[in-house]
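Residue-level structure breakdown
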Amino acid sequence: MKRILVTGARGQIGSELITKLRGVYGNDNIIATDIRTAEGELKEGPFEILDVTDEKRIFEIAKKHQVDTIMHLAALLSATAEKMPKIAWDINMGGLVNTLEVARELKLQFFTPSSIGAFGPSTPKVQTPQDTLQRPTTMYGVNKVAGELLCDYYYERFGVDTRGVRFPGLISYVAPPGGGTTDYAVEIYYEAIKQKAYTSYIAEGTYMDMMYMPDALEAIVQLMEADSTKLVHRNAFNISAISAEPMDFAKAIQNHIPEFEIAFNVDPVRQRIADSWPDSIDSSAAEAEWGFKAKYDINSMTKEMLEKIAEKIK
Ligand code: AKB
């Protein structure tokens, strides 16, 4: 049975991952941590305030709760990181090296997500291979590539059981994303229910990878439970479920809300980031090495997103 310390538990992934992990491993075995105080379901199990730039505190919490695993999620996303690159470096890289150090000292298993943001404009854009050129042109991308390498280093040099995936844009009705480039793909559903219209800050024809949150959470559990002897890549598995542009979301929504309209008012900062990322990535290494398989496509996800958001905001 695992005992897991999760950082960034109030973030978009964290708030749902805690519920999922508590369901799989038991409430008391999941130690949620965040720089902000606990809210909602997070209060139903162990919770500690944690600033991931404070290595001593990470160590204390890991020791106190006798965890055997760290899932490190606390990070600034791509658009926020572009606005404050130095702070992004300090939080994203500082938090990562601190949590890896604690994993090394206490011999813990370790998970942290990389992203499609780890690729850049010179990366092959369609069906981006698992192993390819990575020269990202954003601070977030620089952090993610450095993070992938750092996790490889801690595995090779110190034997820390590090594992990770390159997440695409994650879509969920539970917690909102914050400061990402792919956030439009969540906002569009809320606005479809509220206004029957959405103005996209990402231009028509801009493809990016996406995934519905239940598939992302299942992938984390599956990778962490995978037989380590079968893992060739360990830290930065490409995983994707959907490659879509704004009109694909609009059309999927129109199947349920025929009067839904989409307009465009492009944000140059987020558009530049999106243009530097792949249109679609190849998940075959994750499929072969640990059996990754997404259940949701854009249509099944859209149906559920619209139903759940309608219930949530009525
Ligand atoms: C972002 O847009 O920054 C994230 C990501 C793809 O890593 N959702």
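The following refers to the structure shown. (Residues numbered from 1 in each chain as written. Predicted model: local features only at pLDDT ≥ 70, side-chain atom pairs only at ≥ 80, totals over all residues. Heavy atoms only, no water.)

**A look at the overall build of the chain**
- Across its full length, the chain carries 11 helices and 14 strands.
- Scaling as 2.2 N^0.38, a compact globule of 314 residues should have a C-alpha radius of gyration of about 20 Å, and the chain matches this with 19 Å.
- In terms of overall dimensions, the chain has a C-alpha envelope of 55 × 45 × 40 Å along the principal axes.
- Burial status across the chain gives 55% buried among its 314 residues. (Helix = DSSP H or I, 4+ residues; strand = E, 2+ residues; numbered from the N terminus. Rg over C-alpha atoms; globule rule 2.2 N^0.38 Å. Buried < 20%, exposed > 50% of the residue type's maximum accessible area, 1.4 Å probe, protein only.)

**Observations regarding the packing of helix α4 (residues 85-106) against helix α5 (residues 139-158)**
- Contact geometry of α4 with α5 gives a least axis separation of 10 Å together with a crossing angle of 15 degrees. Here α4 lies roughly parallel to α5, going by the angle between them. In the packing of α4 onto α5, the handedness of the crossing is right-handed. Mapping the contact onto sequence places Pro85, Ala88, Trp89, Asn92, Met93, Leu96, Val97, Leu100, Glu101 and Arg104 in α4 and Met139, Tyr140, Val142, Asn143, Ala146, Gly147, Leu150, Cys151, Tyr154 and Phe158 in α5.
- Looking at the contact of α4 with α5 residue by residue, the class counts come to 15 nonpolar, three polar and two charged. (Axes fitted to C-alpha atoms, helices over the stretch in contact; angles between N-to-C directions. Parallel < 35°, antiparallel > 145°, perpendicular 65-115°, else oblique. Left-handed = near helix turned anticlockwise from the far one by under 90°. Contact = heavy atoms within 4.5 Å. Nonpolar A, V, L, I, M, F, W, Y, C, P; charged D, E, K, R; others polar.)

**A short note on the sheet that holds strand β11 (residues 208-212)**
- If you trace the three strands from one edge of the open sheet to the other, you get β9-β11-β13, paired in mixed fashion. Looking along the sheet, the strands with just one partner apiece sit at the ends: β9 (169-171) and β13 (242-244). Across the sheet, the mean angle separating the axes of adjacent strands is 40 degrees when strand polarity is ignored.
- Sheet topology places β9 next to β11; three bridges connect them, and they run parallel. Bridge pairing in β11 places Gly169 opposite Met210. (Pairing = 2+ DSSP bridges.)

By themselves these figures say nothing about function.
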